[in-house]
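Structural features, examined
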Amino acid sequence: MNEIIQLDSIKAYNDLYGLETKHPLITVVDLRKATQMANHVKMNYGVYALFIKHGVGCTLRYGRQKYDYQEGTVVSFAPGQLVQVEMEDEELSKEVSGLIFHPDLIYSTPLGRKMSMYTFFSYAQSEALHLSEQEQTMLTDCLHGIQAEIEHPVDHHTRALLCVQVELFLNYCLRFYDRQFCTRNKVNSDILQKFEQELNAYFDSGYAQEGGLPSVRYFADKAFLSSGYFGDLIKKETGKTAQEYIQMKLIDRSKQYLLSTNQSISQIAYDLGFQYSQHFIRMFKKQTGYTPKEFRMMND
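Residues numbered from 1 in each chain as written. Predicted model: local features only at pLDDT ≥ 70, side-chain atom pairs only at ≥ 80, totals over all residues. Heavy atoms only, no water.

Comments concerning the pattern of salt bridges
Applying the stated criterion across every chain yields a total of nine salt bridges. Put simply, Lys 22 and Glu 151 hold a salt bridge, and the shortest N to O gap is 2.5 Å. Placement of the pair is Lys 22 in the loop between helix H1 (10-17) and strand E2 (26-30) and Glu 151 in helix H5 (residues 133-151), with a sequence separation of 129 residues. A relative accessible area of 42% places Lys 22 in the partly exposed class. The class of Glu 151 is partly exposed, set by a relative accessible area of 43%. (Salt bridge = Lys/Arg side-chain N within 4 Å of Asp/Glu carboxyl O. Helix = DSSP H or I, 4+ residues; strand = E, 2+ residues; numbered from the N terminus. Buried < 20%, exposed > 50% of the residue type's maximum accessible area, 1.4 Å probe, protein only.)

Notes on unusual backbone geometry
With a phi angle near 60°, Ser 108 is a residue other than glycine that sits in the positive phi range. According to the relative accessible area criterion, Ser 108 is exposed, its value standing at 53%.

Notes on H1
Taken together, the buried positions of H1 are Ile 10, Tyr 13, Asn 14, Leu 16 and Tyr 17. Looking down the long axis of H1, one finds its buried residues gathered within 155° of arc, a one-sided arrangement. Next to the buried residues of H1 lie strand E1 (4-7), E2, strand E3 (40-45), strand E4 (48-53) and strand E9 (96-101). Just beyond H1, the residue with positive phi is Gly 18, at close to 70°. (Arc of directions from axis to C-beta. Contact = heavy atoms within 4.5 Å.)

Examining the nonpolar core
Judged by nonpolar contacts, the single largest core of 64 residues is most densely connected at Phe 101, Phe 169, Leu 170 and Phe 230. Element by element, the count of residues in this core is highest for helix H6 (residues 158-183), at nine residues. What Leu 170 contacts, discounting residues up to four positions off in sequence, is Leu 50, Phe 101, Leu 111, Met 115, Tyr 118, Phe 120 and Phe 121. Counting residues in each nonpolar core, the second largest holds 25 residues, with Tyr 13, Leu 16, Val 41 and Tyr 45 among its members. (Core = buried A, V, L, I, M, F, W, Y, C linked by side-chain atoms within 4.5 Å.)

Here's the deal with the pairing of E9
Looking along a regular strand, one sees side chains alternate from face to face of the sheet. Of all six residues in E9, six are buried; the element is thus mostly enclosed. Here E9 shows a buried face lined by Val 96, Gly 98 and Ile 100 and a second buried face lined by Ser 97, Leu 99 and Phe 101. Strand direction decides the pairing type here: E2 and E9, joined by five bridges, are antiparallel. Residue pairing for E9: Val 28 is matched across the bridge by Leu 99. (Pairing = 2+ DSSP bridges.)

Side note on the packing of helix H11 (residues 242-260) against helix H12 (residues 265-272)
Between H11 and H12, the least distance of the axes is 10 Å, while the angle of their chain directions is 140°. Between H11 and H12 lies a crossing whose hand is right-handed. Within the contact between the two elements, H11 uses Leu 250, Arg 253, Ser 254, Tyr 257 and Leu 258 and H12 uses Ile 265, Ile 268, Asp 271 and Leu 272. Here the contact of H11 with H12 is built from residues that sort into six nonpolar, one polar and two charged. (Axes fitted to C-alpha atoms, helices over the stretch in contact; angles between N-to-C directions. Left-handed = near helix turned anticlockwise from the far one by under 90°. Nonpolar A, V, L, I, M, F, W, Y, C, P; charged D, E, K, R; others polar.)

Shown next, in the form of structure tokens:
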């Protein structure tokens, strides 16, 4: 279990499970065809990977938390992520299909330039994509299309066609994650409410004076979510990024201090977590159109 397997190529993954490598930069995974299993290992990914779980019996760990990875779910990994795999039942653990592709496949392509929009690659812990039967079928059909292209003799169209089909698969995942955010209103609402409470507590406790300006990661950790998933959830719920929401709270708090206390601008900036008061003044004017001093004088 202490050994870390470096998955820095398609061949490295296929060799681990006894699968055939038909293209050096991309493979469609079907573990039912595996001739050997790696059921208790740590993997350091150097490739992009997305796996669809068709059965139960598998636990993945990323960091200290377990992935929410059960029947009909998708998890995704990006280069640089270390994942621990624990599969108790070898037959059930084979009920996995997926897509793995090397960064070189998409280098200098339209897909490569837009990979940052697929923020689900940075999701971790209990943030798997839960699929309906229809959604599972749609992703499986995409994999069949990619496999057909891999089977085709390589020509000067191959790379472009593979990238188009990979992009389609990723776009479906993006759509289904958007649907998941919409259909988990109660969970999302609870997280947003908790975010608001933690923001208030951050300032009420005086922690800002010690910890500085509040960060998205701080509140994501409080919610036991990755920064990426937390940020996307807040964006879907409020229309603002988590950072914009924090800035809105900073402005609200600063207005409250300016109007209800005689504290100096420097002291208010310190209480809010700013290291330098000029940074506070600059942000306040950018957000309101007035300096803190002008705002205070206008409302005397």
